[in-house]
Amino acid sequence: MRALPPLNSIKAFDAAARHLSFTKAGDELCVTHGAISRQIQVLEQWLGTALFLRLPRGLQLTADGMRFHTEVNAMLNSLASVADQIRRPQTTRIIRVQSLPTFTMRWLIPRLPDFQRRYPDVEIRLSIAADAMPPRVNDFEVFLTGGPESHHGFRSGRFLDEQRIAVAAPELLLRSPIQQPSDLKQHVLLHTSSCKLYRAQQVVWSNRRKLTPETAPCPSEDLR
């Protein structure tokens, strides 16, 4: 028999992880803030790990919480898709899309209304992934992430160009100025734990500027 976590707690966790708010999760599920909090506590006790950091200004997913929500979100989306197909004849085409949070919020979502007007028979179902790891092949038709590498089971192609620049505090540049590419070796390049493609992108970035491993900036440990 499979050891499944409490299913009511799964629903509460998914809503809380998407909103990063127990109150908004409660509004979505028509229960109180306290009910959501209790369900999260039950799930955390069952898993034996914390899923959220309770901060003064709100919630933040832990590393385990992000990993668990990626799977939970994909599972619920897949379940909802199958249920829709069984409940009613499929009259619209459903395209399931997984994308990174900032790209989804700032680029993809603002363009959806125009897409829906042009293609009313196509339904887009979005899922936000906290990291750049590829999903299971059967869970999504489209997977948007950084490059340049491809992923097994997906046909990859160039979509958009992205420019990234290094920034530094003025006080840091006064102590260790950057006058030429080799000066980057004196600095540590900070990045978040969601930048799983950082090392591959650093190789491309360094090659374009003719930097050797000895002159390329050193990556930091992942920041949570």
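Quick summary incoming for the structure in this document. (Residues numbered from 1 in each chain as written. Predicted model: local features only at pLDDT ≥ 70, side-chain atom pairs only at ≥ 80, totals over all residues. Heavy atoms only, no water.)

Digging into the pairing of strand 3 (residues 93-99)
Counting buried residues in strand 3 gives 6 out of 7 residues, a clear majority hidden from the surface. As a crossover connection, the stretch from strand 3 through helix 5 (residues 101-118) into strand 4 (residues 122-128) is right-handed. Where strand 3 meets strand 5 (residues 142-143), 2 bridges bridge the pair, whose relative direction is parallel. Residue pairing for strand 5: Gln98 is matched across the bridge by Phe143. (Buried < 20%, exposed > 50% of the residue type's maximum accessible area, 1.4 Å probe, protein only. Helix = DSSP H or I, 4+ residues; strand = E, 2+ residues; numbered from the N terminus. Right-handed = clockwise from strand over helix to strand, strands pointing away. Pairing = 2+ DSSP bridges.)

Digging into the nonpolar core
Core analysis: the biggest nonpolar cluster contains 16 residues, and Phe13, Ala16, Phe22, Ile36, Ile40 and Phe52 have the highest contact counts within it. Broken down by element, this core gets its largest block of residues, 6 residues, from helix 1 (residues 7-19). If near-sequence neighbours (up to four positions away) are discounted, Ile40 is found in contact with Ala12, Phe13, Ala16, Phe22, Phe52 and Arg54. Counting residues in hydrophobic clusters, the runner-up holds 5 residues, among them Val97, Leu108, Val122 and Leu144. (Core = buried A, V, L, I, M, F, W, Y, C linked by side-chain atoms within 4.5 Å. Contact = heavy atoms within 4.5 Å.)

Quick word on the packing of helix 1 against helix 4 (residues 63-87)
Interhelical geometry of helix 1 versus helix 4 gives an angle of 110° and a closest axis separation of 10 Å. The orientation of helix 1 with respect to helix 4, classified from their angle, is roughly perpendicular. The chirality of how helix 1 crosses helix 4 is left-handed. Only Gly65, Phe68, His69, Val72, Asn73, Met75 and Leu76 of helix 4 make contact with helix 1, whose side of the interface consists of Ile10, Phe13, Asp14, Ala17 and Arg18. Residues belonging to the contact of helix 1 with helix 4 are distributed by class as follows: 7 nonpolar, 3 polar and 2 charged. (Axes fitted to C-alpha atoms, helices over the stretch in contact; angles between N-to-C directions. Parallel < 35°, antiparallel > 145°, perpendicular 65-115°, else oblique. Left-handed = near helix turned anticlockwise from the far one by under 90°. Nonpolar A, V, L, I, M, F, W, Y, C, P; charged D, E, K, R; others polar.)

Points about a nonpolar patch on the surface
Taken together, the side chains of Met105, Ile109 and Ile128 make up a nonpolar region of the molecular surface, amounting to roughly 260 Å² of accessible area. Positionally, Ile128 belongs in strand 4. (Patch = residues over 30% accessible without salt bridge, like charges linked within 9 Å, V, L, I, M, F, W, Y side chains within 5 Å. Areas by Shrake-Rupley, 256 points an atom, 1.4 Å probe, with all protein chains shown as cover. Salt bridge = Lys/Arg side-chain N within 4 Å of Asp/Glu carboxyl O.)

Notes on the pattern of salt bridges
For the coordinates displayed, the defined rule picks out 9 salt bridges. Salt-bridge contacts for Glu44 lead to Arg54; the nearest nitrogen and oxygen are separated by 3.0 Å. Here Glu44 is found in helix 3 (residues 33-47), whereas its partner Arg54 is found in strand 1 (residues 52-55), with 10 residues between them in sequence. Judged by relative accessible area, Arg54 falls into the partly exposed class, the value being 42%. In this structure, the salt-bridge partner of Arg67 is Asp64, at a minimum N-O distance of 3.4 Å. Of this pair, Arg67 and Asp64 both sit in helix 4, 3 residues apart, roughly one helical turn. Given the relative accessible area of 60%, Arg67 is considered exposed.

Things to note about the sheet that holds strand 4
Pairing in this open sheet of 3 strands is parallel, and the strands run 4-3-5 from one edge to the other. Of all the strands in the sheet, just strand 4 and strand 5 have a single pairing partner and so form its edges. In the sheet, strand 3 pairs with strand 4 via 7 bridges, with the strands oriented parallel. Residue pairing in the sheet places Ile95 in a bridge with Ile124 of strand 4. Running over the sheet, helix 5 touches strand 3 and strand 4 and is turned about 170° from strand 4.

Concerning the layout of surface pockets
There is about 400 Å³ of room inside the second largest pocket. Contributing to the lining of the second largest pocket are 17 residues, with Trp107, Leu108, Phe115, Ile124 and Phe159 lying nearest its centre. For the lining of the second largest pocket, the elements supplying multiple residues, two or more each, are strand 3, helix 5 and strand 4. The element contributing the most residues to the lining of the second largest pocket is helix 5, with 8 residues. (1 Å grid on protein atoms, 1.4 Å probe; cavity = no way out; pocket = protein on both sides within 12 Å on 5 of 7 lines; lining within 4 Å. Points joined across faces, edges and corners; volume = space filled by probe spheres on them.)

Without other data, these values stay purely geometric and don't point to any function.
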